[in-house]
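# Overview (structure and organization)
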Amino acid sequence: MKIVVAVKRVVDYNVKIRVKADQTGIELAGIKMSMNPFDEIAVEEALRIKEAGKAKEVIAVSVGPAQAQETIRTALAMGADRGILVKAEGEVEPLGVAKILKGIVEAEQPQLVILGKQAIDNDCNQTGQMLAELLGWPQGTFASKVELGAGEVKVVREVDGGLETVELKLPAVVTSDLRLNEPRYASLPNIMSARKKPIAEKAPADFGVDTAPRLKVLKVSEPAKRQAGVKVANVAELVDKLKNEAKVI
Ligand code: AMP
């Protein structure tokens, strides 16, 4: 069976985000970009399923600019077999990505699609859910454990107040949470051999998808600056400040 994994190119999680002076978005010029951390976890999970002999092929898919090819190369260096780059300029909204992934699923016929639970650039947490709905497939979101059986997959989900275990009939959509696994680093030989692995190039129009934004961003602004803290000498002073300055007690 095949597994499709969605990998998004996002601003590296170590980068301190800066808002553009004209407040139309965030500064991207000269900024380090990497694979969305939840997608590294998704790739790792797909590879573990393959290494356990339960899948034959792992296909990494990215929707984005030409540079998203580097993100696919990272997945290939981790161990994915081949890639599909759907070239699109500008931010493609979750519904657009989900529609494109649906087209890829129809062409590739995987039994499992694994995505990250959310992209850390827009924090939408929508694409996996939308894809499952478009395909009419069951979904196991926020997965902290995935167990593939015959014709089904058991997913332990991280929900408010605990864990929920769901059993889904294959084919299914799974989205990865932080504790699902610890992704591997690509070794140098694997990085070299990944260069020879194939990446097919497509366009959204190949899947009949129009990626024009449905949403209009009015303004992006920095969160309000936090005020510096003060050190108090004793409990009496703390209580006094809470009562008379902060007025919270
Ligand atoms: P989001 O719904 O935007 O928070 O994204 C959730 C997940 O969908 C991500 O972790 C990726 O696995 C996948 N995804 C979203 N956008 C893209 C994209 N442009 N290319 C590939 N995968 C994507």
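Rules and cut-offs
- Residues numbered from 1 in each chain as written.
- Predicted model: local features only at pLDDT ≥ 70, side-chain atom pairs only at ≥ 80, totals over all residues.
- Heavy atoms only, no water.
- 1 Å grid on protein atoms, 1.4 Å probe; cavity = no way out; pocket = protein on both sides within 12 Å on 5 of 7 lines; lining within 4 Å.
- Points joined across faces, edges and corners; volume = space filled by probe spheres on them.
- Helix = DSSP H or I, 4+ residues; strand = E, 2+ residues; numbered from the N terminus.
- Nonpolar A, V, L, I, M, F, W, Y, C, P; charged D, E, K, R; others polar.
- Pairing = 2+ DSSP bridges.
- Axes fitted to C-alpha atoms, helices over the stretch in contact; angles between N-to-C directions.
- Contact = heavy atoms within 4.5 Å.
- Parallel < 35°, antiparallel > 145°, perpendicular 65-115°, else oblique.
- Left-handed = near helix turned anticlockwise from the far one by under 90°.
- Core = buried A, V, L, I, M, F, W, Y, C linked by side-chain atoms within 4.5 Å.
- Buried < 20%, exposed > 50% of the residue type's maximum accessible area, 1.4 Å probe, protein only.

Okay, the layout of surface pockets next. By volume, the second largest pocket amounts to about 610 Å³. Lining of the second largest pocket is provided by 22 residues; of these, Tyr 13, Ser 34, Met 35, Glu 40 and Tyr 185 occupy positions nearest its centre. Residue assignment for the lining of the second largest pocket shows that the elements contributing at least two residues are strand S3 (33-35), helix H1 (37-51) and helix H2 (68-78). If you tally residues by element for the lining of the second largest pocket, the top one is H2, at 5 residues. Considering only residue class, the lining of the second largest pocket consists of 12 nonpolar, 3 polar and 7 charged.

Next up on the list: the sheet that holds strand S7 (residues 139-148). Spatially, 9 strands are ordered S9-S8-S7-S10-S6-S1-S4-S5-S11 in an open sheet, and the strand pairing comes out mixed. Whereas interior strands pair on both sides, the edge strands pair on one side only; in this sheet they are strand S9 (162-169) and strand S11 (199-202). Strand-to-strand, the axes of this sheet are offset by a mean angle of 35°, without reference to chain direction. By the bridge criterion, 5 bridges tie strand S1 (residues 2-6) to strand S4 (residues 57-64) in an arrangement that is parallel. Bridge assignment links Ile 3 to a residue of S4, and that residue is Val 58. Its contacts with the sheet put H2 on S4, strand S5 (82-87) and S11, and the angle it makes with S5 is roughly 165°. Running at roughly 175° to strand S10 (residues 172-176), helix H4 (residues 127-135) makes contact with strand S6 (112-116), S7 and S10 of the sheet.

Take the packing of helix H3 (residues 94-108) against H4 next. Where H3 contacts H4, the two axes come as close as 8 Å, and the packing angle between them is 50°. Taken together, the axis directions place H3 and H4 in an arrangement best described as oblique. Regarding H3 and H4, the two cross each other, and that crossing is right-handed. Contacts between H3 and H4 involve Pro 94, Leu 95, Val 97, Ala 98, Lys 99, Leu 101, Lys 102 and Val 105 from the former and Thr 127, Met 130, Leu 131, Leu 134 and Leu 135 from the latter.

Ranked by internal contacts, the top residues of the largest apolar core, which has 36 residues, are Ile 3, Val 5, Val 43, Ile 49, Leu 112, Ile 114 and Val 153. Excluding residues within four positions of it along the chain, Leu 112 makes contact with Met 1, Lys 2, Ile 3, Val 4, Ile 49, Leu 148, Leu 170, Ala 172 and Val 174.

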